[in-house]
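Chains, contacts and geometry: an overview
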Amino acid sequence: MSGTMSWAPSPDIAYLLSLQAVREQSQIVFAAAREGRLHSFEYDEQRMPAVADYVISVIDSFSNNCGQRDFGPDRFTSIPPHGRWQHFDVGGVARVDSLLDQWTSEGCDKMELTRRLVDLFFVSVLLDAGAGDTWKFVEPGSGQVYNRSEGIAVASLYMFKSGDFSQEDGAPKVDAAGLLNLTDDVFSQGFQITSENPLIGVSSRVKLLNSVGGSLLRLSDIVGPTGRPGNLVDYLTKLSGEAKTIDYEVLWSTLQQILVPSWPADRTRVDGFPIGDAWPLKVLSLNAKDGREADTIQPFHKLTQWLGYSLMVPFVRVLDFKVINAQLGTGLPEYRNGGLFVDLGALKLKPELAKEHTPSDHDLPAFSASSDTVIEWRAMTVALLDELYKLISAHFAKLGVELSMAQMLEAGTWKGGRELAAKFRPHSKSSPIVILGDGTLF
């Protein structure tokens, strides 16, 4: 069945699905942290200048995918925003530009180029939850080996090029039928998964894409009768009219309409309505007023935010659009950004919890992705990224540079968190707190 899916959230639910709620609820958690009222962590505010200094040093030495210095005192403004595009170009190979050149030579206009990039980025981001410490992808032809987020990007690129996400044989597109019919076997073959090369949450990832396929099919007014994500380009450009401007809030609400019904059934619901990557949190429960359930929930919507950041880029680079309200996006509450604050001592897991949750055969504490400890950590990550951004932007303002949150995430915190993980845990390169997830969260 196609058409328009019913979308009538109550005011409380609409708020929890908003970008504003992500930031505002995290600020309540941050206020509790400053008063020493967190349940799982201790916050050391005096460590924040040192965190800022470290991130500034990372940005100062930010290099391109060839390992060469790409940004200096006169080029900070050319740091790309945090997005999926860069991950496809891992190893210094301009895979996206090569695709654009190929498609252009085949007669694609700029609208179709953008549709195809949106198709690609859409599925690749939704697959981009933690891969685990052992999985790797060997690129056909080059033999180069990639893992983690970049490995998922390259693997999904090759599946996309093979037409694995479309009902049209071999078509470099994504459509509802292709996602609905995706199987574990096809996915495992595309991602080179074996018993010796396992990936966390194969079935969960496939089921998520199956579910998204069903959602797309019910939203023909947005993505057309075939449920093609790339048709978002037509939908959003029509709304823009002659302005050639994308309103990030409009993009956000559209993505939420597509994705909220698609997340696993065990996610939080309010009055029976799914609210995606949003979770009850003890700190908020103690602060809630009038017994309102919405006041007890901390939303994140991390994968949707990662998708929103990523989809803005083709509109800007290919169609020359401008984006307004992009500042509403928050820092991404995932283990690289969160690990940065733990590794540099701004956040400390309470000793009794660390002891209780460190398995006898491991040296790192481990918690379920939906545990109160991980939700508190993620809430503090959002809030501390805002605090860090104030320090970072003030530093660069003195140099006459206006750095966006998305640029700080790209060249500073995410990269810095990964480098710290490699420094302190060279064997696994994992986060300082292990998150036990199903491959659909972050």
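Below or above, wherever it landed, is the structure these notes cover. Being a predicted model, the structure only gives us computed values, none of them experimental.

1. Here we look at the overall build of the protein
Helices and strands together make up the secondary structure of the protein, namely 19 helices and 12 strands. With the C-alpha coordinates of the protein rotated into their principal frame, the extents come out at 60 × 50 × 50 Å. By the burial criterion, 57% of the 442 residues in the protein qualify as buried. As displayed, the protein has an accessible area near 17,900 Å², and 51% of this comes from carbon and sulfur atoms. Taking the 41 positively charged and 54 negatively charged side chains of the protein as two groups, their mean positions are separated by 3 Å.

2. Quick word on the nonpolar core
Grouped together as the largest cluster of nonpolar side chains are 123 residues, with contacts concentrated most on Phe122, Phe165, Phe191, Phe341, Leu388 and Ile392. Residue contributions to this core peak at 12 residues, all from helix α18 (residues 372-397). Excluding anything up to four places from it in sequence, Phe341 contacts Met48, Val51, Ala346, Leu347, Thr381, Leu384, Leu385 and Leu388. Counting residues in hydrophobic clusters, the runner-up holds 10 residues, among them Leu17, Ala278, Ala294 and Ile297.

3. Some remarks on helix α2 (residues 19-34)
Its 16 residues give α2 an end-to-end C-alpha distance of 23 Å, which sits within 8% of 22 Å, the value for a rise of 1.5 Å per residue. Every buried residue of α2 is listed here: Leu19, Ala21, Val22, Gln25, Ser26, Val29, Phe30, Ala32 and Ala33. In the segment just after α2, Gly36 is the residue with positive phi, at about 70°.

4. Examining the packing of helix α3 (residues 48-60) against α18
It is at 10 Å that the axes of α3 and α18 come closest, and there the two elements cross at 60°. Here α18 runs oblique to α3, going by the angle between their axes. At the point where α3 passes α18, the crossing takes the right-handed sense. Within the contact between the two elements, α3 uses Met48, Pro49, Val51, Ala52, Val55, Ile56, Ile59 and Asp60 and α18 uses Leu384, Glu387, Leu388, Leu391, Ile392, His395 and Phe396.

5. Structural notes on the environment of Leu157
Inspection of the secondary structure assignment puts Leu157 in helix α7 (residues 148-161). Between the C-alpha atom of Leu157 and that of Leu120, which follows or precedes it by 37 residues, the distance is 7.0 Å. Setting aside anything within four residues of it in sequence, one finds Leu157 in contact with Phe88, Arg95, Leu99 and Leu120.

6. Re the packing of aromatic side chains
Counting across every chain of the model gives 10 aromatic pairs. Judged by centre distance (6.1 Å) and plane angle (75°), the rings of Trp85 and Phe121 are edge-to-face. Of this pair, Trp85 sits in helix α4 (residues 85-88) while Phe121 sits in helix α6 (residues 110-126), placing them 36 residues apart in sequence. In this pair, the class of Trp85 matches that of Phe121, namely buried. Centre to centre, the rings of Phe187 and Phe191 are 4.3 Å apart; their planes meet at 20°, and the pair counts as stacked.

7. Section: the pattern of salt bridges
In the structure shown here, the tally under the stated rule is 19 salt bridges. Arg292 is the salt-bridge partner of Asp12, the closest N and O atoms lying 2.4 Å from each other. Taken as a pair, Asp12 in helix α1 (residues 11-16) and Arg292 in the loop between α14 (282-287) and β8 (297-299) lie far apart in primary sequence, 280 residues in all. The class of Arg292 is partly exposed, set by a relative accessible area of 33%. Here Lys390 and Glu387 are joined by a salt bridge, their closest N and O atoms 3.1 Å apart. Of the two residues, Lys390 and Glu387 are both situated in helix α18; the distance of three residues between them amounts to about one turn of the helix.

8. Some details on unusual backbone geometry
If you check the backbone angles, Gln192 has positive phi at about 60° while not being a glycine. Within the secondary structure layout, Gln192 lies in the loop between α9 (184-190) and α10 (202-217).

9. Focus: helix α16 (residues 335-343)
Counting buried positions over the nine residues of α16 gives nine, a clear majority of the element. Along α16, the residues classified as buried are Tyr335, Arg336, Asn337, Gly338, Gly339, Leu340, Phe341, Val342 and Asp343. Elements that come into contact with the buried residues of α16 comprise α3, α7, β10 (347-349), α18, α19 (405-424) and β12 (434-436). Looking one or two places after α16, you find Gly345, whose phi comes out positive at around 85°.

10. A look at the packing of α6 against helix α15 (residues 302-317)
Taken N-terminus to C-terminus, the directions of α6 and α15 make an angle of 160°; their axes are 10 Å apart at the nearest point. The orientation of α6 with respect to α15, classified from their angle, is roughly antiparallel. In this structure, α6 crosses over α15, and the sense of that crossing is right-handed. Residues Thr114, Leu117, Val118, Phe121, Phe122, Val125 and Leu126 of α6 form the contact with α15, whose participating residues are Leu303, Trp306, Leu307, Ser310, Leu311, Pro314 and Phe315.

11. Brief notes about the environment of Asp372
Looking at where Asp372 falls in the secondary structure, it is placed in helix α18. For the pair Asp372 and Leu281, spaced 91 residues apart in sequence, the C-alpha to C-alpha distance is 5.9 Å.

12. Observations regarding the environment of Ile152
Examined against the element boundaries, Ile152 turns out to sit in helix α7. Measuring from C-alpha to C-alpha, the distance between Ile152 and Phe137 comes to 7.7 Å, with 15 residues separating the pair along the chain. Those residues in contact with Ile152 that sit more than four places away from it in its chain are Arg84, Ser124, Leu127, Asp128, Ala129, Ala131, Trp135, Phe191 and Arg205.

How each quantity is defined
Residues numbered from 1 in each chain as written. Predicted model: local features only at pLDDT ≥ 70, side-chain atom pairs only at ≥ 80, totals over all residues. Heavy atoms only, no water. Helix = DSSP H or I, 4+ residues; strand = E, 2+ residues; numbered from the N terminus. Buried < 20%, exposed > 50% of the residue type's maximum accessible area, 1.4 Å probe, protein only. Areas by Shrake-Rupley, 256 points an atom, 1.4 Å probe, with all protein chains shown as cover. Lys, Arg positive; Asp, Glu negative; His and termini not counted. Charge placed at Lys NZ, Arg CZ, Asp CG, Glu CD. Core = buried A, V, L, I, M, F, W, Y, C linked by side-chain atoms within 4.5 Å. Contact = heavy atoms within 4.5 Å. Expected span 1.5 Å × (residues − 1). Axes fitted to C-alpha atoms, helices over the stretch in contact; angles between N-to-C directions. Parallel < 35°, antiparallel > 145°, perpendicular 65-115°, else oblique. Left-handed = near helix turned anticlockwise from the far one by under 90°. Phe/Tyr/Trp six-rings, centres within 6.5 Å; stacked < 30°, edge-to-face > 60°. Salt bridge = Lys/Arg side-chain N within 4 Å of Asp/Glu carboxyl O.

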